[in-house]
Amino acid sequence: VQLQASGGGLVQAGGSLRLSCVASGRTFSTSCMGWFRQAPGKEREFVAAISWSGRNTHYSDSVKGRFTISRDNAKNTVYLQMNSLKPEDTAVYYCAARYCTTAVLYTSDRRYGYWGHGTQVTVSS
């Protein structure tokens, strides 16, 4: 699976962005997907995850209620809708994939074997 993330940019606090991650390969529909982010000087952290069917999702406490992860298997794409953005959301955002056969979701980046290049999100105050 090859992943290509896009949709980042500069936005004011309180604004919104939608990130997209397009996957190549026939295994997307059986892949669990995750979004992670890394701010300067900090470790990469989990943001959100979605099961292969899209019926199960999980969020970090810091984004719960503001971000929504979704997927369109017909388009091999996973999305991250980010609302009510805060300056502390500034980071490089990465999408990740792993093969899944259950609804179990993973929050550790070590569980994902495929990564896309990041997309920069900058939130100004």
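Calculation criteria
- Residues numbered from 1 in each chain as written.
- Predicted model: local features only at pLDDT ≥ 70, side-chain atom pairs only at ≥ 80, totals over all residues.
- Heavy atoms only, no water.
- Pairing = 2+ DSSP bridges.
- Helix = DSSP H or I, 4+ residues; strand = E, 2+ residues; numbered from the N terminus.
- Axes fitted to C-alpha atoms, helices over the stretch in contact; angles between N-to-C directions.
- Core = buried A, V, L, I, M, F, W, Y, C linked by side-chain atoms within 4.5 Å.
- Buried < 20%, exposed > 50% of the residue type's maximum accessible area, 1.4 Å probe, protein only.
- Contact = heavy atoms within 4.5 Å.
- Disulfide = S-S within 2.5 Å.

K.L.:
I'd like a description of the sheet that holds strand β8 (residues 77–82), backed by residues and values.
P.N.:
As summarised here, the arrangement of the 4 strands in space is β1-β3-β8-β7, forming an open sheet in which the pairing is antiparallel. Across the chains shown, the open sheet's two edge strands, defined by having one partner strand only, are β1 (2–6) and β7 (67–72). The average angle at which neighbouring strand axes cross in this sheet is 15 degrees, direction not considered. The sheet contact formed by β7 and β8 spans 6 bridges and is antiparallel. Paired with Ile 69 across the strands is Leu 80, a residue of β8.

K.L.:
Please give an account of the nonpolar core that cites residues and values.
P.N.:
Membership of the largest hydrophobic core comes to 28 residues, with the highest contact counts inside it found for Trp 35, Leu 80, Met 82 and Tyr 93. Contributing elements (two or more residues each) for this core: β1, β3 (17–24), β4 (31–38), β5 (45–50), β7, β8, β9 (91–99) and β11 (119–124). Excluding anything up to four places from it in sequence, Tyr 93 contacts Leu 19, Trp 35, Phe 36, Arg 37, Val 47, Phe 67, Leu 80, Met 82, His 117, Gly 118, Thr 119 and Val 121. One finds Cys 32, Phe 46, Ala 49 and Ala 96 within the second-largest nonpolar core, a separate group that totals 8 residues.

K.L.:
Go over the pairing of β7, please, and point to the residues and values.
P.N.:
The two faces of β7 differ: Phe 67, Ile 69 and Arg 71 on one face are buried, but Thr 68, Ser 70 and Asp 72 on the other face are not. Connecting β7 to the antiparallel partner β8 that follows it, the hairpin turn spans 4 residues, and Asn 76 within it adopts a positive phi of roughly 55 degrees.

K.L.:
Go over the side chain of Ser 20 with me, naming the residues and quoting the values.
P.N.:
Note that Ser 20 resides in strand β3. Setting aside residues up to four positions removed in sequence, Ser 20 forms contacts with Gln 4, Ala 5, Ser 6, Trp 35, Thr 77, Val 78 and Tyr 79.

K.L.:
Talk me through the state of the cysteines; I want residue IDs and the actual numbers.
P.N.:
Considering all chains together, one arrives at 2 disulfides under this definition. With its sulfur 2.0 Å from that of its partner, Cys 21 forms a disulfide with Cys 95. Handedness of the Cys 21-Cys 95 disulfide follows from its S-S torsion of about 60 degrees: it is right-handed. Within this pair, whereas Cys 21 is found in strand β3, its partner Cys 95 is found in strand β9, the two being separated by 74 residues in sequence. Overall, Cys 21 belongs to the buried group, its relative accessible area being 0%. Between Cys 32 and Cys 100 runs a disulfide, and the two sulfur atoms are separated by 1.7 Å. Across the disulfide from Cys 32 to Cys 100, rotation about the S-S bond amounts to roughly -130 degrees, and the bridge is consequently left-handed. Of this pair, Cys 32 sits in strand β4 while Cys 100 is found in the loop between β9 and β10 (114–115), placing the two residues 68 residues apart along the sequence. Across this residue pair, the class does not change: Cys 32 and Cys 100 are buried.

Treat this as a map of the structure, not an account of what it does.
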